[in-house]
Amino acid sequence: MRIALAATCIADTLFPGAPRATVRLLERLGHDVVYPRSQACCGQMHINTGYVDEAVPVVRNHVQTFAPVADGEWDAVVIPSGSCTGSVRHQQAMVCRRAGLDDLAATADAVAAKTYELSELLVDVLGVTDVGAWFPHRVTYHPTCHSLRMLGVGERPLRLLRAVEDIDLVELPEAESCCGFGGTFALKNADTSAAMLADKTANVRGTGAEVLTAGDMSCLMHIGGGLSRERAGVGTLHLAEILASTRSEPTALPRARSGADSVEVAR
């Protein structure tokens, strides 16, 4: 298949390992990955904070950039993010219609119909769960809110993780509870967000995992920050980074702050 990658703003700017791993994984599976250079934000941040009119040019750019998938030039668009995939699928056409741009809305619908979150693409479109990955570490998985509730990815990420060779996959208690990020929610409701984060990091630490994984770097950034401040010794990796790991090209464990680090600093 010929697959276009939408890297997402946060990954492109702060966490490029996730989109790079997505490319490495898909190419290893025999697919051709295209990176449209005119891509930018999908508009989710604007829409979710009420700047719907301001989102119009941002959405227009995304729709026009990925319109070739609607014309058959590409077979699919993949996004290594549940929240951005959710915005493309459930918000972009609405923004266009609200602005009276019906033709653009129709194109947005066509693009959305062929846009998939990574686990959806692998399991539903490519029909694979065993991607040939190897990751000999203890891992726990956090299902992010948008992937869980807006997209309904369900067990797809877990099916992919269970097939990874030598992984020690442990269940995360209260996994479906929100981590407290929610974009600007973490800023506008800092105390509530911090309390939710504390519950999440306590559950992560209780698993004894070396690595926490998820399908959204934004949530991993939030939880990873909490784990780092707690010197928990737990690192974070995007789902793609684990699935891209092989014996010949292993993904290194992320650097994590531990209790021992904390003692060393105190000295």
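## So, the sheet that holds strand 8 (residues 235–238)
(1) Moving on: Pairing is parallel across the open sheet formed by four strands, whose spatial order is 6-5-7-8. At either margin of the open sheet sits one strand with a lone partner, and together these are strand 6 (168–170) and strand 8. In this sheet, adjacent strand axes meet at a mean angle of 35 degrees when their direction is disregarded.
(2) Moving on: Sheet topology places strand 5 (residues 138–141) next to strand 6; three bridges connect them, and they run parallel. Within the sheet, the bridge partner assigned to valine 139 lies in strand 6 and is leucine 169.

## Notes on the nonpolar core
(1) Moving on: Leu26, Leu122, Ile242 and Leu243 are the most contacted members of the largest nonpolar core, which totals 30 residues.
(2) Moving on: Elements with a minimum of two residues in this core: strand 1 (2–5), helix 2 (17–28), strand 3 (76–79), helix 8 (118–125), strand 5, helix 10 (156–162) and helix 14 (239–243).
(3) Moving on: When neighbours within four sequence positions are excluded, isoleucine 242 is seen to be in contact with Ala133, Phe135, Val139, Leu161, Val164, Ile167, Val211, Thr213 and Leu237.
(4) Moving on: The next biggest cluster of nonpolar side chains, apart from the first, holds 16 residues, and it includes Leu172, Leu197, Ala214 and Val234.

## Some thoughts on the sheet that holds strand 2 (residues 32–34)
(1) Moving on: Spatially, the four strands line up as an open sheet ordered 2-1-3-4, and their pairing is parallel. Single-partner strands in this sheet number two, and they are strand 2 and strand 4 (115–117). Across the sheet, the mean angle separating the axes of adjacent strands is 35 degrees when strand polarity is ignored.
(2) Moving on: Sheet analysis places strand 1 next to strand 3, joined by three bridges and oriented parallel. Directly across from leucine 5, in strand 3, lies its bridge partner valine 78.
(3) Moving on: Contacts from helix 2 reach strand 1, strand 2 and strand 3, with the element oriented near 175 degrees to strand 1.
(4) Moving on: Packed on one face of the sheet, helix 8 meets strand 1, strand 3 and strand 4 and runs near 105 degrees to strand 4.

## Description of helix 8
(1) Moving on: Burial within helix 8 is extensive, with six of its eight residues counted as buried.
(2) Moving on: Taken residue by residue, helix 8 has Leu118, Ser119, Glu120, Leu121, Leu122 and Val123 as its buried positions.
(3) Moving on: Downstream of helix 8 by one or two residues, glycine 127 has phi in the positive range, about 70 degrees.

## Overview of the domain arrangement of the protein
(1) Moving on: Domain boundaries assigned for the protein yield domain 1 (2–125) and domain 2 (138–243).
(2) Moving on: Each of domain 1 and domain 2 was reduced to a C-alpha centroid, and the two centroids are 23 Å apart.
(3) Moving on: Residue-level contacts link 27 residues of domain 1 with 20 residues of domain 2.
(4) Moving on: Where domain 1 abuts domain 2, roughly 1,900 Å² becomes buried across the two surfaces, and 69% of that area is made up of carbon and sulfur atoms.
(5) Moving on: Looking at the side of domain 1 facing domain 2, the largest losses of area belong to Phe15, Ser119 and Val123, adding up to 21% of the total buried there.
(6) Moving on: Our count for the domain 1 to domain 2 interface comes out at one salt bridge.
(7) Moving on: Of the charged contacts in the structure, one is a salt bridge between aspartate 124 and arginine 156, with a shortest N-O distance of 2.8 Å.
(8) Moving on: Here domain 1 is connected to domain 2 by six residue pairs in polar contact (both at pLDDT 80 or more).
(9) Moving on: If you list the elements that add at least two residues to the side of domain 1 that touches domain 2, you get helix 2, helix 5 (82–90) and helix 8.
(10) Moving on: In terms of residue count, the dominant contributor to the side of domain 1 that touches domain 2 is helix 5 (seven residues).

Criteria and thresholds
- Sequence order as written defines residue numbering, which begins from 1 separately in each chain.
- The predicted origin of the model limits local features to residues at a pLDDT of at least 70 and limits the giving and counting of side-chain atom pairs to 80 or more, whereas totals for whole chains, interfaces and linings rest on all residues.
- As a rule here, side-chain values cover all heavy atoms of the structure and leave hydrogens and water aside.
- Only when DSSP finds a minimum of two bridges between them are two strands counted as paired.
- Counting from the N terminus, the helices are the DSSP runs of H or I reaching at least four residues and the strands are the DSSP runs of E reaching at least two.
- Convention adopted: a line fitted to C-alpha atoms gives each axis, helices being fitted over their contacting stretch, and angles between N-to-C directions are expressed from 0 to 180 degrees.
- Among buried residues, the Ala, Val, Leu, Ile, Met, Phe, Trp, Tyr and Cys ones that are joined through side-chain atoms within 4.5 Å form a nonpolar core.
- Relative accessible area decides the class of each residue, using a 1.4 Å probe on protein chains only: under 20% of the type maximum gives buried, over 50% gives exposed, and in between gives partly exposed.
- Every residue pair with non-hydrogen atoms within 4.5 Å of one another is taken to be in contact.
- The start and end points of each domain follow an automatic or database-based domain assignment.
- Here's the idea: put two parts together, see how much 1.4 Å probe accessible area each one loses, and the total over both is what we call buried area.
- In the sections that follow, a salt bridge refers to a side-chain nitrogen of Lys or Arg positioned within 4 Å of a carboxyl oxygen of Asp or Glu.
- Polar contacts here mean pairs of N or O atoms no more than 3.5 Å apart (in protein, one a potential hydrogen donor and the other a potential acceptor; neighbouring residues in sequence count only if both atoms are side-chain atoms).

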